[in-house]
Amino acid sequence: MRVPLSWLKEFAEIPVDISPDEIAIAFVRVGFEVEGIEQTGEGILGPIVVGIVKAIDEITEFKKPIRWVELDCGEGASRFVVCGARNFTVGDYVVVSLPGAVLPGGFTISKRETYGKTSEGMICSSRELGLSQEHDGILVLPEGCAMPGEDVISLLKVEDVIFDIAVNPDRGYALSIRGMAREIAASLGTSFQDPISTIEVKGIPSTGNGVAISIDDPDAASIVYIRSLENFGPLSRTPIWMSRKIEKCGMRSISLAVDITNYVMLELGQPLHAFDTAKINGSLHIRRAGSSKTLKTLDGQVRTLKSEDLVVADDEKPLALAGTMGGEHSEVNEFTTSISIEAARFNPVMIAKNAKSHRIPSEASKRLERGVDCNLAEFASARALELMMRLGGARHVGSHMSGELTQLPTIQFDPHYASVLTGADITREVVQSKLVLVGCSVENINQELWDVTPPSWRIDLQSPADLVEEVARMVGYDAIPSLLPPRQVSPGLTPAQLRLRNISAFLAHRGLVEVQTYPFVSLETMQLMGFSGDRAKSFRILNPMSNEAPLLRTHLIPGLLEVAERNVGRGNKDFALFEIGSIFRALGPDREFAAPGISARPSQEAKAAIFASVPDQPIHLGAVLVGKDEPESWQGKGREYVWNDAIELVTSILDANRIEWSIERSDFAPWHPGKCAEILVEEKVVAHAGELHPRIVSAYGLPERACAAVLNLSALPNSTLVKVAQFGTMPVAVQDVALVVDANVPASRVEDSLRLGAGPLLESIRLFDRYDKIGEGKVSLAFTLTFRALDRTLTNSEVSLMREAAAAAAKEATGAEIRTA
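To keep things clear, this report deals only with the structure shown in the data block. As the structure is a computational prediction, the values presented were derived from the model and not from experiment.

**Considerations on the overall build of the protein chain**
Of regular secondary structure, the protein chain possesses 20 helices and 42 strands. In terms of C-alpha radius of gyration, the protein chain reaches 40 Å, well past the compact-globule figure of 28 Å for 821 residues. Projecting the C-alpha coordinates of the protein chain onto the three principal axes gives extents of approximately 125 × 85 × 60 Å. Across the 821 residues that make up the protein chain, the buried fraction comes to 48%. Put simply, 70% of the contacts in the protein chain that link residues at least 6 apart link residues at least 24 apart. Total accessible area on the protein chain stands at roughly 42,000 Å², and carbon and sulfur atoms take up 51% of it. Computing the positive centroid from 82 side-chain charges and the negative centroid from 106, the protein chain places the two 4 Å apart.

**Focus on the pattern of salt bridges**
Side-chain pairs of opposite charge can arise where the charged atoms are in close proximity. Taken as a whole and judged by the stated rule, the model has 46 salt bridges. Taking the shortest distance from any N to any O, the salt bridge between Arg171 and Glu470 comes out at 3.3 Å. Placement of the pair is Arg171 in the loop between β13 (160-166) and α4 (177-188) and Glu470 in helix α12 (residues 464-475), with a sequence separation of 299 residues. For Arg171, a relative accessible area of 4% translates into the label buried. With a closest N to O distance of 2.9 Å, Asp217 and Arg288 form a salt bridge. Placement of Asp217 in the loop between β14 (213-215) and β15 (221-230) and of Arg288 in strand β17 (residues 284-288) is noted, with a sequence separation of 71 residues between them.

**Comments concerning the sheet that holds strand β42 (residues 817-818)**
Strand order in the open sheet formed by four strands is β40-β41-β39-β42, with antiparallel pairing between adjacent strands. Both outer strands of the open sheet, β40 (762-771) and β42, are each paired with one neighbouring strand and no more. Where β40 lies against strand β41 (residues 778-787), eight bridges are found, and the strand directions are antiparallel. Across the sheet, Leu767 pairs through a bridge with Phe783, a residue of β41. Contacts between helix α19 (residues 747-758) and the sheet are confined to β39 (733-742), β40 and β41, with β41 contributing the most and set at about 35 degrees to the helix.

**A look at helix α13 (residues 495-509)**
With 15 residues, α13 should reach 21 Å at 1.5 Å per residue; the first-to-last C-alpha distance of 21 Å fits that figure. Among the residues of α13, Arg499, Ile503, Ser504 and Leu507 are the ones counted as buried. With its buried residues spanning 130 degrees around the axis, α13 presents them on a single face. For α13, the exposed residues lying more than 90 degrees away from the buried face are Pro495, Arg501 and His509.

**Concerning the nonpolar core**
It is characteristic of soluble globular proteins that their nonpolar side chains tend to be buried jointly. In this structure, Phe27, Met180, Val264, Ile339 and Leu435 are the most contacted members of the largest nonpolar core, which totals 84 residues. With sequence-adjacent residues up to four places away left out, Val264 is seen in contact with Gly269, Gln270, Leu272, Ala380, Arg383, Ala384 and Leu387. Counting 29 residues, the second largest nonpolar core, distinct from the first, contains Leu625, Ile647, Leu649 and Ala689.

**Re the packing of helix α6 (residues 256-268) against helix α9 (residues 376-392)**
Between α6 and α9, the shortest axis-to-axis distance is 10 Å and the interhelical angle comes to 140 degrees. Taken together, α6 and α9 sit at an angle that is classed as oblique. Classified by chirality, the crossing of α9 by α6 is right-handed. From α6, Leu256, Ala257, Ile260, Thr261, Tyr263, Val264, Glu267 and Leu268 reach across to α9, where they touch Leu376, Ala380, Arg383, Ala384, Leu387, Met388, Leu391 and Gly392. Across the contact of α6 with α9, the residue classes tally to 12 nonpolar, two polar and two charged.

**Points about the packing of aromatic side chains**
By the definition in use, this model includes six aromatic pairs. On the basis of an interplanar angle of 10 degrees and a centroid distance of 5.3 Å, the ring pair of Trp68 and Phe80 is categorised as stacked. Taken together, the residues span a long stretch of sequence, with Trp68 in strand β4 (residues 66-72) and Phe80 in strand β5 (residues 79-83) at a distance of 12 residues. Its relative accessible area of 29% is what places Phe80 among the partly exposed residues. Stacked on the ring of Trp68, the Lys or Arg Lys117 has its end atom at 5.4 Å from the ring centre.

**A short note on the pairing of strand β35 (residues 662-666)**
Judged from the five bridges that link them, β35 and strand β36 (residues 671-681) form a sheet pairing that is antiparallel. In the sheet register, Arg665 faces β36, and the bridge partner there is Ala677. Linking two consecutive strands that pair antiparallel, namely β35 and β36, is a turn of four residues.

**A few points about the pairing of strand β31 (residues 575-582)**
Among the eight residues that make up β31, eight are buried, leaving the element largely enclosed by the rest of the structure. Burial of the side chains of β31 extends over both faces: Phe575, Leu577, Glu579 and Gly581 are buried on one face and Ala576, Phe578, Ile580 and Ser582 on the other. Sheet topology places strand β28 (residues 513-514) next to β31; two bridges connect them, and they run parallel. Pairing of Val513 across the sheet is with Leu577, part of β31. Pairing between β31 and strand β32 (residues 619-626): eight bridges, direction antiparallel. Note on β32: the bridge partner recorded for Glu579 is Gly622.

**Digging into unusual backbone geometry**
Backbone geometry follows two general trends: most residues other than glycine have a negative phi, and most peptide bonds adopt the trans configuration. Cis rather than trans, the peptide bond between Ala669 and Pro670 has omega equal to 10 degrees. Position of Pro670 relative to the elements: it lies in the loop between β35 and β36. Even without being a glycine, Arg359 presents a positive backbone phi close to 55 degrees. By secondary structure assignment, the location of Arg359 is in the loop between α7 (348-358) and α8 (363-368). With a relative accessible area of 76%, Arg359 lands in the exposed category.

**Points about the environment of Pro218**
Residue position: Pro218 is located in the loop between β14 and β15. Taking the C-alpha atoms as reference, Pro218 lies 8.3 Å from Gly403; in sequence the two are 185 residues apart.

**What to know about the side chain of Asp217**
When its relative accessible area of 15% is taken as the criterion, Asp217 is described as buried. A polar contact is formed between the side chain of Asp217 and the backbone nitrogen of Asp219, at a distance of 3.0 Å. Within the structure, Asp217 has its side chain in polar contact with the side chain of Arg288 (distance 2.9 Å). Apart from residues no more than four positions distant in its own chain, Asp217 is found in contact with Ile286, Arg288 and Met350.

**Let's talk about the state of the cysteines**
Two cysteines joined by a covalent bond between their sulfur atoms form a disulfide. Under the counting rule described, the total for this entry stands at zero disulfides. Here Cys145 stays unpaired: no disulfide links it, and the sulfur of Cys73, its closest cysteine neighbor, is 13 Å away. Take Cys145: its relative accessible area is 25%, and that puts it in the partly exposed class. Its sulfur unpaired, Cys374 is 14 Å from the next cysteine sulfur, which belongs to Cys440.

How each quantity is defined
Residues numbered from 1 in each chain as written. Predicted model: local features only at pLDDT ≥ 70, side-chain atom pairs only at ≥ 80, totals over all residues. Heavy atoms only, no water. Helix = DSSP H or I, 4+ residues; strand = E, 2+ residues; numbered from the N terminus. Rg over C-alpha atoms; globule rule 2.2 N^0.38 Å. Buried < 20%, exposed > 50% of the residue type's maximum accessible area, 1.4 Å probe, protein only. Contact = heavy atoms within 4.5 Å. Areas by Shrake-Rupley, 256 points an atom, 1.4 Å probe, with all protein chains shown as cover. Lys, Arg positive; Asp, Glu negative; His and termini not counted. Charge placed at Lys NZ, Arg CZ, Asp CG, Glu CD. Salt bridge = Lys/Arg side-chain N within 4 Å of Asp/Glu carboxyl O. Pairing = 2+ DSSP bridges. Axes fitted to C-alpha atoms, helices over the stretch in contact; angles between N-to-C directions. Expected span 1.5 Å × (residues − 1). Arc of directions from axis to C-beta. Core = buried A, V, L, I, M, F, W, Y, C linked by side-chain atoms within 4.5 Å. Parallel < 35°, antiparallel > 145°, perpendicular 65-115°, else oblique. Left-handed = near helix turned anticlockwise from the far one by under 90°. Nonpolar A, V, L, I, M, F, W, Y, C, P; charged D, E, K, R; others polar. Phe/Tyr/Trp six-rings, centres within 6.5 Å; stacked < 30°, edge-to-face > 60°. Lys NZ or Arg CZ within 6 Å of the ring centre and 35° of its normal. Polar contact = N/O pair within 3.5 Å; in protein donor to acceptor, adjacent residues only side chain to side chain. Disulfide = S-S within 2.5 Å.

If you want it as structure tokens, here you go:
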């Protein structure tokens with residue numbers, strides 16, 4: 001909210017020598033964030049005066065219509081100015097910058113020749129004076145507002161300080177000058193003059209009964225006032241002091257009747273609405289829309305009403321969307337002479353639903369949905385009535401009300417609780433004084449428990465903790481000691497959390513880039529991927545962010561491919577991505593969510609029911625390898641990613657976590673048939689890796705041979721303890737063996753059989769060559785076997801025997817034959 005310092009000073013005593021920065025700190029001290037400080041009028045220098053238009057000569061010989069204006073600026077002689085604006089006429093009061101004046105931005109006014117005339121100044125718009133962003137014509141002042149030649153800087157109170165303050169949702173009372181003045185006075189320790197103390201609400205002379213009003217839905221509002229008046233002057237101008245206050249708060253001056261309702265809302269915090277009484281049939285009713293179908297609002301939009309919408313209606317039809325926006329039919333216009341002013345304390349939830357349902361976040365709804373002071377309706381409507389009578393010449397016809405005032409419940413409060421909760425030593429006397437300072441009524445102060453009644457404008461104070469917060473806020477958060485609470489030292493990361501962090505760092509060190517994608521997917525994408533079975537069983541989101549992706553993902557690959565597609569489209573051809581995240585599969589029977597109550601802490605049984613109602617969300621690791629692993633350079637052509645890289649990525653993660661694994665061939669979408677492997681741990685499939693299907697690569701516009709891998713991290717067992725092996729110092733003996741096997745035999749099976757047959761002195765085994773042009777349906781696999789004994793150097797005969805034993809075991813297990821050529 002924009003808060004002018006000049007308006008604050010009308011209700012709060014603010015020291016003369018305090019700076020704007022110190023005032024901002026005072027606001028922050030009581031819990032309000034000051035987002036900006038604007039010092040208006042900076043850089044403006046006179047003479048800038050009021051002028052009366054005496055004559056206008058239209059100059060038409062130029063391409064742009066120009067006016068030669070004669071002005072009375074209180075100098076005895078007329079002053080002539082060239083002006084292009086056309087929104088003023090003879091007799092109007094305007095703002096004139098005389099030669100020597102300086103406008104915002106350092107624009108100096110001087111006497112100059114233009115359009116064949118000598119212009120002796122400039123007639124100014126609001127934007128040129130830095131008053132607002134209005135620039136459709138010059139600023140026309142109300143007739144008789146000042147004498148010609150009077151200083152405009154003083155008249156319009158151009159020099160001011162405006163604070164832009166963020167107001168939390170639970171502090172609706174602070175969306176007013178009254179609320180902010182109370183807060184700054186409390187923070188500075190100065191006096192506060194409540195503006196409602198000067199408003200007369202009783203004994204207002206009337207000429208009749210006026211329009212009646214009733215609350216037909218008891219849940220819609222607690223209290224409402226309607227005040228009717230007649231003989232209002234529709235052409236009465238808004239006085240400068242009022243329009244300037246409204247403009248400084250960021251609103252636009254429209255007409256006297258509308259400006260008065262906005263002025264009272266800004267001053268007191270109570271939204272008002274003015275109806276044209278002549279367009280009201282019978283009495284007014286606050287009710288649900290029911291069977292009413294449409295309402296044309298003030299912005300010209302025809303709104304389709306829902307049956308539960310809250311409206312203000314007459315005996316025939318809705319006239320306004322309650323607390324949100326008025327209707328066009330009953331709008332106050334330039335012909336309106338009879339007005340009915342409505343002020344209500346509406347149900348905040350209903351107003352919030354109105355505003356959200358029809359997408360009308362108005363200034364009125366912003367205040368009402370936060371909850372306004374139930375006492376304000378009477379005073380604010382009386383204040384608006386008094387202003388319309390004084391400024392618009394109106395007469396009071398009559399006032400009516402419906403509903404009743406509601407008092408906030410009394411809170412049983414232990415004053416020692418303030419010290420317990422904050423950790424500061426706060427005496428009972430200080431607690432009492434601070435609660436009184438924020439407007440609370442404190443009784444039974446000599447007893448252990450006090451009876452504290454919050455003020456009517458603080459509906460957010462509902463528990464002892466809320467009262468402690470107010471005490472702490474007024475004492476000052478800087479007075480509360482910064483001590484860590486006595487809590488048990490954190491046990492650190494769980495093994496599962498530590499594993500996720502280590503895997504993420506491991507992949508990052510290998511050059512992969514971690515990404516996070518939205519967990520939403522479309523049915524078309526799942527069909528494109530070829531998902532079937534459990535991978536096609538997803539959850540449909542009730543309120544999706546986009547109707548194009550209404551399902552929760554069952555796999556990480558679709559999201560990673562979208563990221564890859566975006567990178568390729570922006571010129572990045574070679575990269576490797578990975579993501580660690582949850583997937584969601586609708587497996588098993590439907591589960592009904594167990595929603596706990598909020599009146600008490602849920603029991604262990606309730607917690608167990610909540611967790612049992614949540615579907616399993618396993619953590620998966622997904623990776624996509626695109627383009628080249630090693631770029632081309634003067635050293636060579638580089639190397640493209642191949643499907644073995646995706647497999648090696650998964651197996652290296654398992655090896656790093658000391659998990660034993662095996663590998664088998666697989667034909668699994670969305671991978672390429674024959675170039676996909678599944679990795680098993682404890683005879684359960686935990687991963688798939690390989691080259692993506694050409695159809696998928698083409699659909700996403702990726703380079704050929706793009707690869708992918710997915711690992712179910714939630715299915716992995718705990719890592720085994722590290723066992724330190726004895727370090728060998730004897731020399732190694734290396735033997736190579738090339739075996740010919742059927743093409744459908746996995747290399748891992750051959751490797752396992754070699755390892756088994758080689759015996760305990762085999763230190764390592766590595767596949768270093770694969771040759772598939774040896775014959776129909778055959779492939780050659782070449783391995784390096786490394787042997788070492790811990791206590792001696794192995795002889796050639798020993799190594800040869802172990803090599804032959806390994807080959808024999810491979811032949812028996814896989815039918816492998818030693819390659820001879």
